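As a plain string of letters, each chain reads:
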Amino acid sequence: MAFLHSFWFYCVIFVSFCLLVILFWLRQWKQNLSHKKRPLKDGSFKYIKYREEDIPKCGQFTWDDCSSHWKKRMVAVGKKLQKNKVDHIYFVHGTFVGDDPFDLLRFLEAKLPNIYEKIGMSVLKSYRKNKDTLIGDLGNFSDEYVKLSERALNHNIKTYRFTWSSGNHHLARLIASIDLIKKLSYDNKGGQTGTLLIGHSHAGQVFALLSQIVKNKKLANGLFLQAIKSGIEDTLSDLLSYRNSIKNLPIDFVTLGSPHRYCWDLSPRQRLLHIINHRGKVEDINPYKGIFTTQGGDYIQLWGIEGSDGISPLKDHVQINKDLQDLLGAGFNLSQWSENVGQGRRVAEQGNTLLVDYGDNGKTLNLLKTGLGHIVYTRYKTMLFNLEKIADQFYS
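Residues numbered from 1 in each chain as written. Predicted model: local features only at pLDDT ≥ 70, side-chain atom pairs only at ≥ 80, totals over all residues. Heavy atoms only, no water.

S.K.: Outline the sheet that holds strand β7 (residues 352–357), listing residues and values.
M.R.: Strand pairs in the sheet, formed through backbone hydrogen bonds, run parallel or antiparallel to each other. Read across the open sheet, the seven strands follow the order β1-β7-β6-β5-β4-β2-β3; overall the sheet is parallel. A strand with exactly one partner marks an edge of an open sheet, and here the two such strands are β1 (45–49) and β3 (158–162). Taking the axes of each pair of neighbouring strands and ignoring which way they run, one obtains an average angle of 20° across the sheet. Sheet topology places β1 next to β7; five bridges connect them, and they run parallel. Paired with F45 across the strands is T353, a residue of β7. (Pairing = 2+ DSSP bridges. Helix = DSSP H or I, 4+ residues; strand = E, 2+ residues; numbered from the N terminus. Axes fitted to C-alpha atoms, helices over the stretch in contact; angles between N-to-C directions.)

S.K.: Requested: an account of the packing of aromatic side chains, with residues and values cited.
M.R.: Enumeration according to the criterion identifies 15 aromatic pairs in this entry. When the centroid spacing of 4.7 Å and the interplanar angle of 15° are considered together, the rings of Y90 and Y160 count as stacked. Here Y160 lies in strand β3 and Y90 lies in strand β2 (residues 86–92), a separation of 70 residues in the sequence. Accessibility expressed as a relative area gives 0% for Y90, which makes it buried. Aromatic pair F394 and Y395: ring centres 5.6 Å apart, planes at 50°, arrangement tilted. (Phe/Tyr/Trp six-rings, centres within 6.5 Å; stacked < 30°, edge-to-face > 60°. Buried < 20%, exposed > 50% of the residue type's maximum accessible area, 1.4 Å probe, protein only.)

S.K.: Which residues make up the pattern of salt bridges, and what values go with them?
M.R.: Applying the stated criterion across every chain, the model contains 16 salt bridges. Between E388 and R73 there is a salt bridge, with the nearest N and O atoms lying 2.9 Å from each other. In this pair, E388 is assigned in helix α14 (residues 383–395) and R73 in helix α2 (residues 68–83), connecting sequence segments 315 residues apart. For E388, a relative accessible area of 18% gives the class buried. Its salt-bridge partner being R379, residue D137 comes within 3.0 Å of it at the nearest N-O pair. With D137 in the loop between α4 (113–135) and α5 (143–153) and R379 in the loop between α13 (367–370) and α14, this residue pair connects regions lying 242 residues apart in the sequence. Residue D137 is classed as buried on the basis of its relative accessible area, which comes to 12%. Accessibility expressed as a relative area gives 26% for R379, which makes it partly exposed. Members of the salt-bridge network, linked through shared partners, are K49, R279, D357 and D360. (Salt bridge = Lys/Arg side-chain N within 4 Å of Asp/Glu carboxyl O.)

S.K.: I'd like a description of the confidence of the model for the chain, backed by residues and values.
M.R.: Summing up the model confidence of the chain, the mean pLDDT is 89 and the portion of residues at 70 or higher is 89%. Counted against residues more than four places away or in other chains, residues 28–38, with its pLDDT under 50, gives 18 contacts. (pLDDT = per-residue confidence, 0-100. Contact = heavy atoms within 4.5 Å.)

S.K.: An account of α4 is needed here, citing residue identities and associated values.
M.R.: Taking 1.5 Å per residue as the helical rise, α4 with its 23 residues ought to reach 33 Å, whereas the 29 Å between its terminal C-alpha atoms falls clearly short. Of all bends in α4, the biggest is about 45°, found at K129. Three or more residues of α4 are buried, namely Y116, G120, L124, K131, D132 and I135. Close packing links the buried residues of α4 with α3 (104–111), α5 and β3. Where α4 ends, the next residue or the one after it, G136, has phi of about 65°, a positive value. (Expected span 1.5 Å × (residues − 1). Bend = angle between axes of the 7 residues up to and from the residue.)

S.K.: Tell me what's going on with a nonpolar patch on the surface, and back it up with residues and numbers.
M.R.: There is a patch of nonpolar side chains on the surface, built from L112, I115, I119 and V123 and spanning about 320 Å² of accessible area. Tracing the sequence through the fold places L112 in the loop between α3 and α4. (Patch = residues over 30% accessible without salt bridge, like charges linked within 9 Å, V, L, I, M, F, W, Y side chains within 5 Å. Areas by Shrake-Rupley, 256 points an atom, 1.4 Å probe, with all protein chains shown as cover.)

S.K.: I'd like a description of the environment of W303, backed by residues and values.
M.R.: Note on placement: W303 falls in helix α10 (residues 299–303). Separated by 15 residues in sequence, W303 and Y288 have C-alpha atoms that sit 9.5 Å apart. In this structure, W303 is in contact with P287, Y288, I291, S308, W337, V341 and L372, ignoring residues within four places of it in sequence.

S.K.: Report on the nonpolar core, specifying residues and quantitative values.
M.R.: Most often, soluble globular proteins keep nonpolar side chains buried together rather than apart. Residues W70, L196, I198, V254, I275 and I390 are the most contacted members of the largest nonpolar core, which totals 46 residues. Secondary-structure elements contributing two or more residues to this core are α2, β2, α5, β4 (194–200), β5 (251–256), β6 (270–277), β7 and α14. Broken down by element, this core gets its largest block of residues, eight residues, from α14. Once you skip the residues sitting within four places of it in the chain, L196 turns out to touch V86, H88, I89, Y90, D252, V254, I390, F394 and Y395. By size, the runner-up hydrophobic cluster in this structure holds 40 residues, among which are I181, F207, L223 and L239. (Core = buried A, V, L, I, M, F, W, Y, C linked by side-chain atoms within 4.5 Å.)

S.K.: Would you mind going over unusual backbone geometry in detail, with residue names and values included?
M.R.: Unusually for a residue other than glycine, F96 sits at a positive phi of about 75°. You can see F96 is positioned in the loop between β2 and α3. Even without being glycine, H155 reaches a positive phi, approximately 55°.

Rendered as structure tokens:
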């Protein structure tokens, strides 16, 4: 009798365990299915026109100044995101608007640590505090921009502002990619949630590196070792652990005005969309014509290609950047740049491209006002338009 009781007890335990495994598998299958939306065809593109008159007014772009119609359309975008299980959005800036664009603070820290502790840290704190006031929404995702988007989207969608040094070279972007991987790993400890990464300018290269690191372990090892040589505090074991923790994370990448440079290596749970300020036929691009009146759209997107990097003041970083060229292409190389820029590439081979006429061209000199067509993407007035187009492409 005791034997029978023990037998049935273990049978119940075994069946219960099997049911739990099945339920867990069904839950994972459902999550995977929710992210298998219509794929975007690589190399495809379409033309779109931004009409400011079609976008509801939002006053000074504070919550109280935004019209009810603007709020309603933002909530509709949030509803699409929620329906598709997207609950984290990261806004990432490009080159020259981050914490240390010319590596001067890192130079001070490495060569003159006493001066760095006394002056460098206070300069950095002051710059971070006043950056949004100085730059506003000119190629910059301000704190106010990110907070407004979160409140307007609603539906418990968290928005984040990710900042990096913004140095114009391979190593700076690699370290930024590693820091972003660490951030994603930390934010997704509770489970694999839908993530939307929106990056301006060379943030696109940061994203491309992330995709390569996640997909290719051998390449990740090589890149991590180069980063460790530069002096980052993480060990190789730490970095591999961060990488492994986001391997199955569903990520949708959106680049805004990003030069087509680093290769992408997308996993089945990653998708890619490029949005580029452009006017004219895509097969007839002159990277210099109409610069002074922003006639052709975004010129920085055409110029920031292979060979256009700057040079770090740190000798060891210069060598690391040279070593990284075998993996990532030419860094600083004017002849290579001159050859590449003549190609005038708008449409990427990987991902889908929206060529948007943002209407920032003029009849008189306006290249400073428009930042050569490169700052329109982060303006408050284009927030709703951009998010609607992203939602239409990924989540309709």
